[in-house]
Amino acid sequence: LVPPNIFVFSIMNKRQTIFSLDPGSVNIGGAIISNGEPKELFTVRGIPSRTKENKGSFNDDMDILIKTVIPEFEYIISQNKVTHVVWETPPGFGGMNQRELVQAVCTTLKVITFQKGLYYNSLTPNYWQSQLLGRTKSISKKEVRAELLIRHPNLEKFIGLPPDPFDAAAIGIVAYEVNRWK
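Predicted model, so just to flag it, every value in this text is computed and none were measured.

What counts and what doesn't
- Residues numbered from 1 in each chain as written.
- Predicted model: local features only at pLDDT ≥ 70, side-chain atom pairs only at ≥ 80, totals over all residues.
- Heavy atoms only, no water.
- Core = buried A, V, L, I, M, F, W, Y, C linked by side-chain atoms within 4.5 Å.
- Buried < 20%, exposed > 50% of the residue type's maximum accessible area, 1.4 Å probe, protein only.
- Helix = DSSP H or I, 4+ residues; strand = E, 2+ residues; numbered from the N terminus.
- Pairing = 2+ DSSP bridges.
- Axes fitted to C-alpha atoms, helices over the stretch in contact; angles between N-to-C directions.
- Parallel < 35°, antiparallel > 145°, perpendicular 65-115°, else oblique.
- Left-handed = near helix turned anticlockwise from the far one by under 90°.
- Contact = heavy atoms within 4.5 Å.
- Nonpolar A, V, L, I, M, F, W, Y, C, P; charged D, E, K, R; others polar.
- Phe/Tyr/Trp six-rings, centres within 6.5 Å; stacked < 30°, edge-to-face > 60°.
- Salt bridge = Lys/Arg side-chain N within 4 Å of Asp/Glu carboxyl O.

## Focus: the nonpolar core
Here is step 1: By size, the foremost hydrophobic cluster in this structure holds 24 residues, and its most contacted members are Trp128 and Leu148.
Here is step 2: Of all the secondary structure elements, the ones that give two or more residues to this core are strand S2 (27–34), helix H3 (125–133), helix H4 (141–151) and helix H5 (164–178).
Here is step 3: The element contributing the most residues to this core is H5, with nine residues.
Here is step 4: Counting 23 residues, the second-largest nonpolar core is a separate cluster that includes Ile28, Phe42, Val82 and Trp87.

See the structure below:
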């Protein structure tokens, strides 16, 4: 076993199937990246009917969220024969409960990843955006989507999805290119 603070480089000529995640509590973007090429983009259900007007108690929302994402993540990992997992590191700001709910999504995925013994990493928004676009200031989700469509025209078939899966694809592509895993 490699200590958790040590990065390893995965063998590039070995097949890498990456499940990448743009976490949220309502909008969760996901992507499957196979050897650097995005294959699937999708959304993962978060708290089904959570809106600003319709919030449950924090603990109820946390329970619903975790119970919802566990089977979704398990299914995605097993169906796609995932070998690597990467997610966006949640920012340290945002609404108090929102931040904790997003962190719960990441922690749940991390636990499943540990249980399955998969390679993993998390990337900050500034890091993956700088790798993808060469800058970190004022980057919109539309810019990320546009850049991915230029680099990977096959993503055109996913244009009707919300922007979160495109961010997830970008995170996975950057993780593949950098190839640093724990």
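## Observations concerning the pairing of strand S3 (residues 37–45)
Here is step 1: When S2 meets S3, the two strands line up antiparallel, connected through eight bridges. Its bridge partner being in S3, Ile33 is matched across the sheet by Pro38.
Here is step 2: Counting the residues between successive antiparallel strands, the hairpin from S2 to S3 contains two residues, one of them, Asn35, with a positive phi of roughly 50°.

## Description of the packing of H3 against H4
Here is step 1: Two elements in contact, H3 and H4, have axes separated by 11 Å at closest approach and are oriented at 45°. The angle between the axes of H3 and H4 places the two elements in the oblique class. Note that H3 runs across H4; the crossing there is left-handed. Residues Trp128, Leu132 and Leu133 of H3 form the contact with H4, whose own contacting residues are Val144, Glu147, Leu148 and Arg151.
Here is step 2: Broken down by class, the residue content of the contact of H3 with H4 amounts to five nonpolar, no polar and two charged.

## So, the packing of H4 against H5
Here is step 1: Contact geometry for H4 and H5: axes closest at 9 Å, N-to-C directions at 60°. In terms of orientation, H4 and H5 fall into the oblique class. Here H4 runs over H5; the crossing is left-handed. Contacts between H4 and H5 involve Lys141, Val144, Arg145, Leu148, Leu149 and Arg151 from the first element and Asp164, Phe166, Asp167, Ala169, Ala170, Ile173 and Glu177 from the second.
Here is step 2: Classifying every residue of the contact of H4 with H5 gives seven nonpolar, no polar and six charged.

## Here's the deal with the packing of aromatic side chains
Pairs of aromatic rings are described using the distance from one ring centre to the other and the angle between the two planes.
Here is step 1: Tallied over the full model, the rule gives four aromatic pairs.
Here is step 2: Both rings, one in Phe19 and one in Phe73, keep their centres 5.7 Å apart while their planes meet at 65°; by these two values the pair is edge-to-face. Placement of the pair is Phe19 in strand S1 (residues 17–22) and Phe73 in helix H1 (residues 58–79), with a sequence separation of 54 residues. Exposure class is identical for Phe19 and Phe73. Each is buried.
Here is step 3: Plain terms: the ring middles of Trp87 and Tyr120 are 6.1 Å apart, the flat faces sit at 0° to each other, and that makes the pair stacked.

## Section: the sheet that holds S1
Here is step 1: Strands sit in the order S3-S2-S1-S4-S5 across an open sheet of five strands; the sheet is mixed. Sheet topology places S3 and strand S5 (119–123) at the edges, where each strand pairs with a single neighbour. The average angle at which neighbouring strand axes cross in this sheet is 20°, direction not considered.
Here is step 2: Where H5 meets the sheet, it contacts S1, S2, S3, strand S4 (84–88) and S5, and its direction lies at approximately 40° from that of S2.

## A few points about the pattern of salt bridges
Here is step 1: Summed over the entire model, instances satisfying the criterion amount to seven salt bridges.
Here is step 2: With its nearest N and O atoms 3.2 Å apart, the salt bridge here joins Glu74 to Lys116. In this pair, Glu74 is assigned in helix H1 and Lys116 in helix H2 (residues 96–116), connecting sequence segments 42 residues apart.
Here is step 3: Residue Glu74 is classed as partly exposed on the basis of its relative accessible area, which comes to 28%.
Here is step 4: The salt bridge involving Glu147 is made with Arg151; its shortest N-O contact spans 2.8 Å. Linking Glu147 with Arg151, this pair stays in helix H4, spanning four residues, or about one helical turn.
Here is step 5: A single network of salt bridges, built from pairs that share partners, joins Asp22, Lys141, Asp164 and Asp167.

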